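# Remarks on the overall topology
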Amino acid sequence: MEYADTILETIGHTPLVKINKLTRDLPCLVLAKYETFNPGNSVKDRMALQMIEDAEQSGLLKPGGTIIEGTSGNTGMGLALAAVVKGYKIVCVINDKQSKEKIDILRAVGSEVHICPTDVAPEDPRSYYSTARRLATEIPNSWYVNQYDNPSNSKAHYLTTGPEIWEQTSGKVTHFVVGVGTGGTISGVGSYLKSKNPDVKVWGVDTYGSVFKKYHETGIFDENEIYPYVTEGIGEDILPKNVNFDIIDGFTKVTDKDAAVYTRRLAREEGMFLGNSAGAAIKGVLQLTEHFTPDDVVVVLFHDHGSRYVGKVYNDDWMREQGFME
Ligand code: PMP
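An account of the accompanying structure is given in this report. Just so we're clear, the structure is a prediction, and the values are computed from it rather than from any experiment.

## Side note on the sheet that holds strand S1 (residues 16-18)
Reading across the sheet, the 6 strands line up as S1-S2-S10-S7-S8-S9 and stay open at both edges, with mixed pairing between neighbours. Both outer strands of the open sheet, S1 and strand S9 (250-254), are each paired with one neighbouring strand and no more. In this sheet, adjacent strand axes meet at a mean angle of 25 degrees when their direction is disregarded. Sheet analysis places strand S8 (residues 201-207) next to S9, joined by 5 bridges and oriented parallel. Within S9, the position partnered with Gly204 by the bridge is Phe251. Contacts from helix H6 (residues 184-196) reach strand S7 (175-179), S8 and strand S10 (297-302) within the one sheet, and its direction differs from that of S7 by about 170 degrees.

Dropping the structure here:
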C-alpha cells in the first residue's frame, strides 16, 4: 500500500507544466511551477508547515497553543491544515480587500477570522498587522507567526521549492519569475537556485501601489508609491524581512487590469484555473521578453487556485465594475 500518514505529508513535489499558447511569441521555454497541487491549494502550505515545525522546536509554540496570523488567506489555509492535524487553535486576521471565498474557506477549516480595514496605515491600531499583534498579547499560550519577518518562510522554499525546480529542470533553469508579497518564495527559491548556479536570473513581479520596485532600484522607501490596488497576494506597503533584495535582479510591475485579464486567459487558453497573482506573474514574464534567448528555460511560479476568485476575476460583472472588461 502507498499512502501518506497525514495530509501534511502531501505538501510539495508539485508538477512543472509547460505554458504553450500565451508564451508563443517568446523565444524560450516557459514552465510553470504549479503550486495549486498542494493540499491547501497554494504554495503557502510549504512555509506554513515549516514555520509551525520550527516554532515547535524552538518552544515558541506549545501543546494546546493558539496560532495567530495576519494573512491574505493562503497562509491561513496552510496554517489551519497543520493546526487541525497537530491539534492547535488558529486565529486569522485578514483585510477586507480579500475575496469572500478566502474568508469562508478559512472558517471551513476551523479558523476564527477577524476582518480589518485595508486602507489604513500598517501602524494604525485597526490594521491587520496591529490587530494580529494585539491578539497575540491578549490570548494566553498564543504564538504570532509573522510570515513577513519569520525566517522559516524563506527557509521552506530554500529547502523544498528551490531544489524541486532545480531537479525538475535538470539544472537547466536560467530565469525564475514570481510575484512578491512577503518575499518568502522569491528569496528562498532565488537564493537556492543562485547557490547552484550564480548566473540564474531572479525577477520579482510587483503591483502598482507597492514599494518593492522603486526600493530595489533606488534604495528609497517612497510612500508616494503606496496606494490601493486590486491584485491579491502580491505587492506591499512595508519592507518584509523575507524580501532579500540582494538576490533579486529586478522587478517588473503589472497593472491590476493586466493581472485580471491574464488570469482569465490562463484558464481559457491553457486550462490553468489559477488565482489573481498567476495572471500578474505570466504577464510579468511577457513584459521581460527582451531578457530571454532561445536557450533559456524560464520558470514562473503560480501561487494559488482559481476557486478563491470566482466572485472576482472570473465574474464578468466584477470585471466590468473594475473597468477591466467592456
Ligand atoms: N500570490 C498569492 C496568491 C499569495 O497569497 C502570496 C502570498 N502573499 C503571493 C503571491 C506572494 O508570495 P510570497 O509571500 O512568498 O512573496
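## Details of the sheet that holds strand S5 (residues 112-116)
By definition, the strands of a sheet pair up through backbone hydrogen bonds, in either a parallel or an antiparallel sense. The strand order across the open sheet built from 4 strands is S5-S4-S3-S6, with neighbouring strands paired in parallel fashion. The two strands at the open ends of the sheet, each matched to only one other strand, are S5 and strand S6 (142-144). Taking each pair of neighbouring strands and ignoring which way they run, the sheet shows an average axis angle of 20 degrees. Where strand S3 (residues 66-70) lies against S6, 3 bridges are found, and the strand directions are parallel. Residue pairing for S6: Ile67 is matched across the bridge by Trp143. Contacting strand S4 (89-95) and S5, helix H3 (residues 100-108) runs over the sheet at an angle of about 155 degrees to S5.

## Looking at the packing of helix H1 (residues 44-58) against helix H2 (residues 74-86)
Following both chains from N to C, one finds H1 and H2 inclined at 50 degrees, their axes separated by 8 Å at the closest point. By the angle between their directions, the pair H1 and H2 is classed as oblique. Between H1 and H2 the crossing geometry is right-handed. Where H1 approaches H2, its residues Lys44, Asp45, Ala48, Leu49 and Ile52 are matched on the opposing element by Asn74, Thr75, Met77, Gly78, Leu79, Leu81, Ala82 and Lys86. Split by residue class, the contact of H1 with H2 holds 7 nonpolar, 3 polar and 3 charged.

## Structural notes on the site of the ligand
Of all residues adjacent to the ligand, which total 17 residues, the nearest are Gly181, Thr182, Thr185, Gly233 and Ser277. The biggest single contributor to the shell around the ligand is H6, with 3 residues.

## Re the nonpolar core
Counting residues in each nonpolar core, the largest one holds 48 residues, and the members touching the most others are Phe176, Val177, Val178, Ala281, Val299 and Val300. Counting residues per element, this core draws most heavily on S10, at 6 residues. Other than its neighbours up to four places away in sequence, Val177 contacts Trp203, Val205, Ala281, Gly284, Val285, Leu288, Val298 and Val300. Counting residues in each nonpolar core, the second largest holds 30 residues, with Leu49, Ala80, Ala82 and Val91 among its members.

## Regarding the environment of Cys28
Within the secondary structure, Cys28 is located in the loop between S1 and strand S2 (29-34). Of the residues examined, Cys28 has 18 C-beta atoms within 10 Å and is grouped as partly exposed. Here the alpha-carbon distance between Cys28 and Lys44, two residues 16 residues apart in the chain, equals 28 Å. Dropping the residues within four chain positions of it, Cys28 is found in contact with Phe292, Thr293, Pro294, Asp296, Val297 and Val298.

Reading the values: the criteria
- Note that residues are indexed from 1 along each chain, following the sequence as it is written.
- Thresholds applied to this predicted model are a pLDDT of at least 70 for local features of residues and 80 or more for the giving and counting of side-chain atom pairs; totals over whole chains, interfaces and linings are not thresholded and use all residues.
- DSSP calls a pair of strands paired once it identifies at least 2 bridges connecting them.
- The helix and strand labels rest on DSSP assignments: H or I over at least four residues marks a helix, E over at least two residues marks a strand, and numbering proceeds from the N terminus.
- In this analysis an axis means a line fitted to C-alpha atoms, helices contributing only their contacting stretch, and an angle means the value between N-to-C directions, from 0 to 180 degrees.
- The contact criterion used here is simple: two residues whose C-beta atoms, placed from the backbone, lie within 7 Å are in contact.
- With respect to orientation, any angle under 35 degrees is reported as roughly parallel, any angle over 145 as roughly antiparallel, any angle of 65 to 115 as roughly perpendicular, and every other angle as oblique.
- Two helices cross in a left-handed way if the nearer one is turned anticlockwise from the farther one by less than a right angle. They cross in a right-handed way if the turn is clockwise.
- Under the scheme applied, nonpolar residues are Ala, Val, Leu, Ile, Met, Phe, Trp, Tyr, Cys and Pro; charged residues are Asp, Glu, Lys and Arg; polar residues are all the others, including Gly.
- Nearness here has a simple definition: the residue's C-beta atom, placed using the backbone, must lie within 6 Å of the molecule or strand.
- Take the buried Ala, Val, Leu, Ile, Met, Phe, Trp, Tyr and Cys residues, join any whose C-beta atoms are within 7 Å, and the set you get is a nonpolar core.
- The exposure scheme places C-beta atoms from the backbone and then counts, for each residue, the other C-beta atoms within 10 Å of its own, assigning buried at 20 or more, exposed at 12 or fewer, and partly exposed in between.

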